[in-house]
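Take a look at the letters that make up each chain.
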Amino acid sequence: MNWDDTTPVGDRVVGAAADREDQAVEAALRPKDLGEFVGQERVREQLDLVLRAARARGGTADHVLLSGAPGLGKTTLSMIIAAEMGAPIRITSGPAIQHAGDLAAILSSLTEGEVLFLDEIHRMSRPAEEMLYMAMEDFRVDVVVGKGPGATAIPLELPPFTLVGATTRAGLLPPPLRDRFGFTGHMEFYAPAELQRVVHRSARLLDVVVDDEGAAEIAGRSRGTPRIANRLLRRVRDYAQVKADGVITRSVAAQALEVYEVDARGLDRLDRAVLTALLGLFGGGPVGLSTLAVAVGEERETVEEVAEPFLVREGLLARTPRGRIATPAAWSHLGMVPPRQAAGGPGQDGLFAG
């Protein structure tokens, strides 16, 4: 499934991609060590062992690969790795490295023990990727000088460093690259209780008063993603300051998120438009993706890459060889009654029978 939710759809308040405001606020809200980091218990425990062992040996940590949907904390964990190792961090991304020379310039300027964070590593160019193999394994790169028959490869020794790669599409990484990471952690979506802790922590740092029920309301609409939880908290804070007494309660949070068209399950305008068209115009399906996109008034890619992943994960929509179909949960969520099965026809009852 494609979790690379970077397709722009207006100012989507439940979008997982970070905008400039998110980046600025996240810098202030990021936990500084593993003890402050909320959620991802298994990854955090395993990573703690890796870092402690490296510090005990007095060496650099193994290369780390973090995979998962946007907004779950991959960048935050990379910064924590550098902080725990007492090392500087260099941040770049796969799309920024289009030539082997780009990567060679970065690698040759690293200091011993430095952490190199490479976001969206699956989008790096193939020549740079092949250079990275040798750099990760032997801490060496071959710099080619000249062209044609007279070209010469000059080996360049690199200081030991730790590469932290982050990806939303782990399946696109070639096996030789994946195998060179000493530790691989998969970031899971957060449970509501974990997101409630995230909301409380962020509220303290933002000097916002939120009670337990208010935090739970925000957490329940955050689609399992801390970045979205923090964004919703800021929008609810604005509403509370203007329309209420500044205190975020369940009622205030619900009223604020109704203004921003985020319902109790975390669906926004686009999500509900897809479901409404699927149920109201096509009887729950099956219907082709292109037809559904036209009915919603969006591009095919927008429906497929922005709306569908969350709807499928929530069990509201299913992809089948015959097209998209709505599940019984979708009918229930929108308060609609599915049509009865026509005589001799497939119908919704037949699709989900048994």
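Before reading further, recall that the structure is shown in the block above.
Nothing here was measured: the structure is a model prediction, and the numbers come from that model.

Engineer: What is the right way to look at the pairing of strand β11 (residues 323–326) in this model?
Structural biologist: Looking down a regular strand, the side chains alternate between one sheet face and the other. Where strand β10 (residues 317–320) and β11 come together, four bridges link them in antiparallel fashion. Looking at β11, one finds that Ala318 is bridged to Ile325. Two successive antiparallel strands, β10 and β11, enclose a turn made up of two residues.

Engineer: Is there a simple way to explain the packing of aromatic side chains in this structure?
Structural biologist: Throughout the structure, instances matching the rule amount to one aromatic pair. Considering the side-chain rings of Phe139 and Phe161, the 5.5 Å spacing of their centres and the 80° angle between planes classify their relative orientation as edge-to-face. Linking Phe139 in the loop between α5 (126–138) and β4 (140–145) with Phe161 in the loop between β5 (152–157) and β6 (162–167), this pair joins segments that are 22 residues apart in sequence. Using a relative accessible area of 21% as the deciding quantity, one classes Phe139 as partly exposed. Exposure remark for Phe161: the relative accessible area of 1% places this residue in the buried category. Here Arg223 stacks its cationic end above the ring of Phe310, 3.7 Å away from the centre of that ring.

Engineer: Looking at this model, I keep getting lost on the packing of helix α8 (residues 212–220) against helix α10 (residues 250–259). Mind explaining?
Structural biologist: If you want to describe how two helices pack, look at the angle between their axes and the distance between the axes. Contact geometry of α8 with α10 gives a least axis separation of 7 Å together with a crossing angle of 30°. Put simply, α8 runs roughly parallel to α10. In this structure, α8 contributes Glu213, Gly214, Ala216, Glu217 and Ile218 to the contact, and α10 contributes Arg250, Ala253 and Ala254. Looking at the contact of α8 with α10 residue by residue, the classes come out as four nonpolar, one polar and three charged.

Thresholds applied
- Residues numbered from 1 in each chain as written.
- Predicted model: local features only at pLDDT ≥ 70, side-chain atom pairs only at ≥ 80, totals over all residues.
- Heavy atoms only, no water.
- Pairing = 2+ DSSP bridges.
- Helix = DSSP H or I, 4+ residues; strand = E, 2+ residues; numbered from the N terminus.
- Phe/Tyr/Trp six-rings, centres within 6.5 Å; stacked < 30°, edge-to-face > 60°.
- Buried < 20%, exposed > 50% of the residue type's maximum accessible area, 1.4 Å probe, protein only.
- Lys NZ or Arg CZ within 6 Å of the ring centre and 35° of its normal.
- Axes fitted to C-alpha atoms, helices over the stretch in contact; angles between N-to-C directions.
- Parallel < 35°, antiparallel > 145°, perpendicular 65-115°, else oblique.
- Contact = heavy atoms within 4.5 Å.
- Nonpolar A, V, L, I, M, F, W, Y, C, P; charged D, E, K, R; others polar.

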